[in-house]
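Coordinates in review
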Amino acid sequence: MIFDPFPVFLPAEYRVKFATQTWERREAAALRRQVFCEEQGIFTGDDRDDVDAIAIPLVVISSLGVAPHDVVGTVRIHEAEPGVWWGSRLAVACEYRCIAALGSSLIHLAVCSAHARGCRRFYAHVQSQNALLFRRLHWHTIEEIELRGRPHHFMQADLAYGFLSLPKRAA
Ligand SMILES: CC(C)(COP(=O)(O)OP(=O)(O)OC[C@H]1O[C@@H](n2cnc3c(N)ncnc32)[C@H](O)[C@@H]1OP(=O)(O)O)[C@@H](O)C(=O)NCCC(=O)NCCS
């Protein structure tokens, strides 16, 4: 008997939210280590820094039925000076990329949440391979720079863009 290969099962329901539970923060930290230390090799051992003491972590939680399953995406936001916010450490677990706009949804919630808290400027250092993704979400490049030996775009979100619905992709 020959069995056809079948695709790996992945939960199809996700919640994008502030990390309010201890396990959500713990799993978000583990996902960051997985992506930025093991996969990308940007940091050794741990990627936490001083910003984590003041940053607000956001997460994507996958669900199985009504039960939360796993943290499959994360980003953090912080206010560096009054009205000036930054997003950083955006990561989606490898097997969940490009399937449900999870990265885009995290960026959207990050900017909306800061905007609701009085943000007047929202910045990020974006790895160059992701600049197109951000441009599609109405960010623009201020400067191309190198950080930790890698090319980055210093980018700013367009806060004038509508925040009530997910942005439509530009052509
Ligand atoms: C960057 C990242 C968060 C994107 O997450 P994601 O969930 O795959 O993003 P989305 O599904 O919302 O992407 C939306 C669209 O942009 C595309 N896209 C995703 N990453 C892209 C990239 N690097 N460049 C151009 N387009 C990209 C997707 O294909 C998708 O297009 P589609 O709707 O036609 O399929 C994820 O790839 C990741 O974690 N990468 C490793 C860590 C990293 O680079 N972090 C960012 C540091 S700046």
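Remember, predicted model here, so these are calculated numbers, not experimental data.

1. What about helix α2 (residues 102-116)?
The end-to-end C-alpha separation of α2 is 21 Å, in line with the 21 Å expected for 15 residues at 1.5 Å each. By the criterion of burial, α2 is predominantly enclosed, with 12 of the 15 residues buried. For α2, every residue scored as buried is listed here: L102, G103, S104, S105, L106, I107, H108, A110, V111, C112, S113 and A114.

2. Some thoughts on the site of the ligand
The full set close to the ligand counts 18 residues, and L90, C98, S104, Q129 and N130 are the nearest of them. Residue R97 places a side-chain N or O atom 3.4 Å away from an oxygen atom belonging to the ligand. At a separation of 2.8 Å, an oxygen atom of the ligand approaches a polar backbone atom of C98. Here the ligand loses 78% of its free accessible area of 910 Å² to cover by the protein chains. Those elements that provide at least two residues to the shell around the ligand are β4 (84-92), α2, β5 (121-127) and α3 (131-136). For the shell around the ligand, the class distribution of residues is nine nonpolar, six polar and three charged.

3. So, the pairing of strand β2 (residues 56-64)
Here β2 lies mainly inside the structure; seven of its nine residues are buried. Where strand β1 (residues 13-18) and β2 come together, six bridges link them in antiparallel fashion. Opposite V16, over in β2, you have V60 as the bridge partner. Bridge count for β2 against strand β3 (residues 67-81) is nine bridges, and the pairing is antiparallel.

4. Overview of the nonpolar core
Core analysis: the largest hydrophobic core is formed by 38 residues, its most contacted members being V111, F122 and W139. Going through the elements one at a time, α1 (22-39), β2, β3, β4, α2, β5, α3 and β7 (150-157) are the ones with two or more residues in this core. Ranked by the residues each element gives to this core, the list is headed by α2, at six residues. If near-sequence neighbours (up to four positions away) are discounted, F122 is found in contact with I77, W85, W86, G87, A110, V111, A114, W139, M155, Q156, A157 and L159.

5. A look at the sheet that holds β7
Neighbouring strands of a sheet are bound in pairs by backbone hydrogen bonds; such pairs are parallel or else antiparallel. Spatially, seven strands are ordered β1-β2-β3-β4-β5-β7-β6 in an open sheet, and the strand pairing comes out mixed. Strands at the two margins of the open sheet, each flanked by one partner only, are β1 and β6 (139-147). Strand-to-strand twist across the sheet, computed as the mean angle between neighbouring axes with direction ignored, equals 25 degrees. In this sheet, β7 lies alongside β5 in antiparallel orientation, the contact comprising five bridges. In the sheet register, A124 faces β7, and the bridge partner there is M155.

6. Here's the deal with the environment of F9
Relative to the elements of secondary structure, F9 occurs in the segment before β1. Given the relative accessible area of 62%, F9 is considered exposed. The spatial distance from the C-alpha of F9 to the C-alpha of G73 is 18 Å, given a sequence separation of 64 residues.

7. Considering the pattern of salt bridges
Considering all chains together, one arrives at nine salt bridges under this definition. Here D52 ties to R32 by a salt bridge, and the two come within 2.8 Å at their closest N and O atoms. Here the residue D52 occupies a position in the loop between α1 and β2, and R32 occupies one in helix α1, the gap between them amounting to 20 residues. Accessibility classification places D52 together with R32 in one group, the buried group. R89 is the salt-bridge partner of D47, the closest N and O atoms lying 2.8 Å from each other. Placement of the pair is D47 in the loop between α1 and β2 and R89 in strand β4, with a sequence separation of 42 residues. Residues D47 and R89 agree in their burial class; the two are buried. One continuous salt-bridge network, built from bridges that share partners, spans R32, D47, D49, D52, R76 and R89.

Rules of the game
- Residues numbered from 1 in each chain as written.
- Predicted model: local features only at pLDDT ≥ 70, side-chain atom pairs only at ≥ 80, totals over all residues.
- Heavy atoms only, no water.
- Helix = DSSP H or I, 4+ residues; strand = E, 2+ residues; numbered from the N terminus.
- Expected span 1.5 Å × (residues − 1).
- Buried < 20%, exposed > 50% of the residue type's maximum accessible area, 1.4 Å probe, protein only.
- Near = heavy atom within 4 Å.
- Polar contact = N/O pair within 3.5 Å; in protein donor to acceptor, adjacent residues only side chain to side chain.
- Areas by Shrake-Rupley, 256 points an atom, 1.4 Å probe, with all protein chains shown as cover.
- Nonpolar A, V, L, I, M, F, W, Y, C, P; charged D, E, K, R; others polar.
- Pairing = 2+ DSSP bridges.
- Core = buried A, V, L, I, M, F, W, Y, C linked by side-chain atoms within 4.5 Å.
- Contact = heavy atoms within 4.5 Å.
- Axes fitted to C-alpha atoms, helices over the stretch in contact; angles between N-to-C directions.
- Salt bridge = Lys/Arg side-chain N within 4 Å of Asp/Glu carboxyl O.

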